[in-house]
There are 2 protein chains.
Amino acid sequence: MDDQPPIRAVYRLLLSPGVDPHERAAAIAREQTLEVPSGAATPEIESRLLGRVISVTLEDSGASGLAPGALHAARVELDYPAPLFDGTVTQLLNVAWGNVSLMERVRLVDLRLPDWCLESFPGPGHGISGIRGRLGVSDRPLVASALKPVGLTPQELAELARRLVRGGVDVIKDDHGLVNQPMAPFAERVLRVSEAVRDENARRGTRTLYLPNVTAGAGALEERADEAVQSGCHGAVVCPGLTGLDALVRLRRLQPELALMAHPSHSDTAPQGRRGIAPPLLMGTLWRLFGADCVIYVNARGRFAWPLETCQAINRRARGPLGGHRRAFPVPAGGVQARDVVHWFDTYGADTLLLIGGSILEAEDVEAAAREVVEAAVTAVAGSRSVEPESSRAGAPQ
Amino acid sequence: MDDQPPIRAVYRLLLSPGVDPHERAAAIAREQTLEVPSGAATPEIESRLLGRVISVTLEDSGASGLAPGALHAARVELDYPAPLFDGTVTQLLNVAWGNVSLMERVRLVDLRLPDWCLESFPGPGHGISGIRGRLGVSDRPLVASALKPVGLTPQELAELARRLVRGGVDVIKDDHGLVNQPMAPFAERVLRVSEAVRDENARRGTRTLYLPNVTAGAGALEERADEAVQSGCHGAVVCPGLTGLDALVRLRRLQPELALMAHPSHSDTAPQGRRGIAPPLLMGTLWRLFGADCVIYVNARGRFAWPLETCQAINRRARGPLGGHRRAFPVPAGGVQARDVVHWFDTYGADTLLLIGGSILEAEDVEAAAREVVEAAVTAVAGSRSVEPESSRAGAPQ
């Protein structure tokens, strides 16, 4: 690995007056690599493995939104030598966002990953074109809805799923709060709901997908993914923040049949945060790189009110070039209102999987509410075409 | 579970002027439980499963350290009904710190866990008394040091371990940056180092423990823990932030022989953060509850400069009552200076495992530097006795 290019990490620091950003940058570079005082390692190790400060750029205090004289913001680029890594998710995160994650007011905003690194992770197994092919929907935005709330029985969830299939949604997912509670144990829920979805699909000639939530500790996670496949599911929801991000790679390899939808529960990230991993890097780049076919984030104007620019940045990263990896569907969620869907289709374009839960479920007629959203998605195709190249589009008719 | 008491979560919110803390509290209670708009669930589900706001307390703006008129701080207590949970780490975190972890300026500061919840997790397998028994050290603070930097060969790491054993340290741990790089692959490193430690122990009649870093994705993690046991190790280091916190429970059950030392890499928490899980809850309570025998945090005055009160709060939680669970060793680390150890022993008391890496490793004579620290620990016993009850103290002579 010595002859391979390094991984570049970009951090944003907020500094008290008088703190030298160059010193902070050098301290982070040492912390994340050798983690011994200067002089304790051999010169050979220092020159080969110590993180390197590439640039330190002070942000204009007006642009940073901070009062002058209080904190100042700096953007620093560090290079981490390739031999520190071992091709795993855990070690990539250990170096890029390890001990530095315990410092006040430091944020990981970007990673520039060389080819050797991009190639060591699987990326989406299906991606936008694979999911479009499975659904037979080539060129319009997709619509997902959710089975919830927790407390419904498997029978009730199955009946709700039938209504959503009849309403024409493309994807039905379990709420991330549905795990393995006695009210609707995983195995029974998945069996009942997937039967219902299969049955309604057969009656109507549709291809709605059902994605159960397989989130659990290791062991149980793999068992649930296997049960999902056995029940005929072609996808699953997983919360990488809860399982560890490595679970995406494992599921991708163990169950290549399943399209993976990453859900942000416990991801501990927010757009204006002074700490943590910035949402576009985490959700748009890392989740996709590790194997997510669909990446859920909380949409602008919804319950969480993330800024539109953050949502658009996630979209760009989920869909843009990432080595040779497939493109992932961005999934705006978290309070998307059925009445606003035309706006979101126009804003985000065709390669979007819009997730609308509560706003459909609170309707008196769930089936009709779903149908209205799907009709808006079908209409949206005129204005916002898929940017997927023709060659990779699915040929199946709608 | 319907007749079991709820789990109480305590959040601290920073709110813009005009935002009603009661409304925010109610929104979090709904987000973390039903996650559908009011009216979309049946009255029966609403009354049985919706999170409940117990109290909302505004902080005095002077005490909160915020400028008046800018943000105001509120502490809110919410109850989450027992049937939402399923006895797993992932679901406890999903409810207590799930989607709410995507909101700006909300922090999880405490959890009150009823007995049914405390009993569903294993707690430390060895705890303070078990580790003291293994070491034959009944009543003084313990001293740990680290094998680093990355870049050393297995032979060099083994030689370093020999010096640390000769210096008399109680515990030798792998740096969390040592994983499975070709420079020192896991299997060879653990074999060489554990041989060296066993050999030196036999020569000197000591019982120094070697804890290899087994952090890896699921599967590799279990394999490494097994290799550690096969190599004669009685403990291991794991980074729950990287593996998912569930890994503690798994290791605890799969390898009951191993004492687990939790390392905070990628834990993404800091004392003054406005978001995330507060360090005392994460490190002092949750890591211990899930199975950590030793909890590493970054010490006051060190490279990270966490406030002393945070460190003391972690100590209290690691050592205090937690259902019927064993007590865990707090492990202050991250730039502890050898010259300051008497101060830290006095400040933290006997039931402390002080981790000193760089400050020993940068010495010309590592063995002598280690010995000085250990002698300070032996002397410290007069001033700061173990608070472990006599009955659980190990009887083995030093």
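Up top is the structure these notes are about.
Residues numbered from 1 in each chain as written. Chains lettered and ligands numbered in written order. Predicted model: local features only at pLDDT ≥ 70, side-chain atom pairs only at ≥ 80, totals over all residues. Heavy atoms only, no water.

**Student:** Help me understand the overall build of chain A in this model?
**Tutor:** Within chain A, the secondary structure is distributed over 15 helices and 13 strands. Against the compact-globule benchmark of 21 Å for 398 residues, chain A has a radius of gyration of 22 Å, which places it among compact chains. Considered along the principal axes of its C-alpha atoms, chain A spans approximately 70 × 45 × 45 Å. Taken over 398 residues, chain A has a buried fraction of 64%. Long-range contacts, defined as pairs at least 24 residues apart, comprise 76% of the intrachain contacts of chain A with a sequence gap of at least 6. Per element, the accessible surface of chain A, about 13,700 Å² overall, is 49% carbon and sulfur. Of the charged side chains in chain A, 42 are positive and 47 negative; the average position of the first set lies 3 Å away from that of the second. (Helix = DSSP H or I, 4+ residues; strand = E, 2+ residues; numbered from the N terminus. Rg over C-alpha atoms; globule rule 2.2 N^0.38 Å. Buried < 20%, exposed > 50% of the residue type's maximum accessible area, 1.4 Å probe, protein only. Contact = heavy atoms within 4.5 Å. Areas by Shrake-Rupley, 256 points an atom, 1.4 Å probe, with all protein chains shown as cover. Lys, Arg positive; Asp, Glu negative; His and termini not counted. Charge placed at Lys NZ, Arg CZ, Asp CG, Glu CD.)

**Student:** Please explain helix H7 (residues 186–204) of chain B as it appears in this structure.
**Tutor:** In an α-helix there are 3.6 residues to a turn, and that puts residues three or four apart on one side. Residues and elements named next belong to chain B. Compared with an ideal rise of 1.5 Å per residue, which puts 19 residues at 27 Å, H7 spans 27 Å between its outermost C-alpha atoms and is within 8% of the ideal. Among all positions in H7, only Phe186, Arg189, Val190, Val193, Ser194, Ala196, Val197, Glu200 and Asn201 are buried. Taken around the axis of H7, the buried residues stretch over an arc of 160 degrees, which confines them to a single face. Seen from the open side of H7, the exposed residues pointing more than 90 degrees away from its buried face are Ala202 and Arg203. Among the structural elements, strand S5 (142–147), helix H6 (154–167), strand S6 (171–174), strand S7 (209–211) and helix H8 (220–230) are those in contact with the buried residues of H7. After H7 finishes, the residue Gly205 shows a positive phi value of roughly 70 degrees. (Expected span 1.5 Å × (residues − 1). Arc of directions from axis to C-beta.)

**Student:** What is the right way to read the packing of aromatic side chains from this model?
**Tutor:** The description of two aromatic rings rests on the distance between their centres and on the angle between their planes. Within this structure, the stated rule accounts for 8 aromatic pairs over all chains. Between A:Phe85 and A:Trp116 the ring centres are 6.0 Å apart and the planes differ by 50 degrees, which places this aromatic pair in the tilted class. Here A:Phe85 is found in the loop between strand S3 (72–80) and helix H3 (89–96), whereas its partner A:Trp116 is found in helix H4 (residues 115–118), with 31 residues between them in sequence. Residues A:Phe85 and A:Trp116 agree in their burial class; the two are buried. Relative to B:Phe290, the ring of B:Phe121 has its centre 5.0 Å away and its plane inclined at 65 degrees; by these criteria the two rings are edge-to-face. In this pair, B:Phe121 sits in the loop between helix H4 (115–118) and helix H5 (127–135) while B:Phe290 sits in helix H11 (residues 279–290), placing the two residues 169 residues apart along the sequence. (Phe/Tyr/Trp six-rings, centres within 6.5 Å; stacked < 30°, edge-to-face > 60°.)

**Student:** Help me understand the nonpolar core, please; the structure alone is not making it clear to me.
**Tutor:** Most often, soluble globular proteins have nonpolar side chains that are buried together. Counting 227 residues, the largest nonpolar core has A:Tyr11, A:Leu147, A:Phe290, B:Tyr11, B:Leu147 and B:Phe290 as its most contacted members. For B:Leu147, the contacting residues outside a window of four places in its chain are B:Leu157, B:Leu160, B:Ala161, B:Leu164, B:Ile172, B:Lys173, B:Asp174, B:Asp175, B:Leu178, B:Val193 and B:Tyr210. (Core = buried A, V, L, I, M, F, W, Y, C linked by side-chain atoms within 4.5 Å.)

**Student:** What should I look at first to understand the relation of the copies chain B and chain A in this one?
**Tutor:** Both copies of the chain are related through a single rotation about an axis accompanied by a shift along the same axis. Note on the identical chains: chain B maps onto chain A by a rotation of 180 degrees and an axial translation of 0.0 Å, with an RMSD of 0.0 Å. The symmetry that links the two subunits is that of a two-fold axis. Relative to the rotation axis, the closest C-alpha in chain B is found at B:Gly244, a distance of 2.2 Å. The residues that chain B uses at the interface reappear at the interface of chain A in 100% of cases, marking a shared surface. (Least-squares fit on C-alpha atoms with pLDDT ≥ 70 in both.)

**Student:** It is not clear to me how the pairing of strand S3 (residues 72–80) of chain B should be interpreted in this structure. Could you clarify?
**Tutor:** Along any regular strand, the residues point their side chains to alternate faces of the sheet. Residue and element names in this part refer to chain B. Taking burial as the measure, the 9 residues of S3 include 7 buried ones, the bulk of the element. The pairing of strand S2 (residues 52–58) with S3 spans 6 bridges and is classified as antiparallel. Each residue of the ladder has a partner; that of Ser55, found in S3, is Glu77. (Pairing = 2+ DSSP bridges.)

**Student:** Honestly, the interface of chain B and chain A in this entry has me stumped. Any pointers?
**Tutor:** Interfaces are frequently sized by the accessible area removed from exposure as the parts join. With 70 residues of chain B at the contact, the number on the chain A side is 70 residues. Between chain B and chain A, the buried area comes to about 5,800 Å², and carbon and sulfur atoms account for 56% of it. Counting the surface chain B buries against chain A, the share from its top three residues, B:Leu102, B:His266 and B:Asp268, is 12%. Where chain B touches chain A, the interface holds 8 salt bridges. The interface formed by chain B and chain A holds 36 residue pairs in polar contact (both at pLDDT 80 or more) in total. With 4 residues, the top contributor of residues to the side of chain B that touches chain A is helix H3 (residues 89–96) of chain B. (Buried area = accessible area lost by both parts, 1.4 Å probe. Salt bridge = Lys/Arg side-chain N within 4 Å of Asp/Glu carboxyl O. Polar contact = N/O pair within 3.5 Å; in protein donor to acceptor, adjacent residues only side chain to side chain.)

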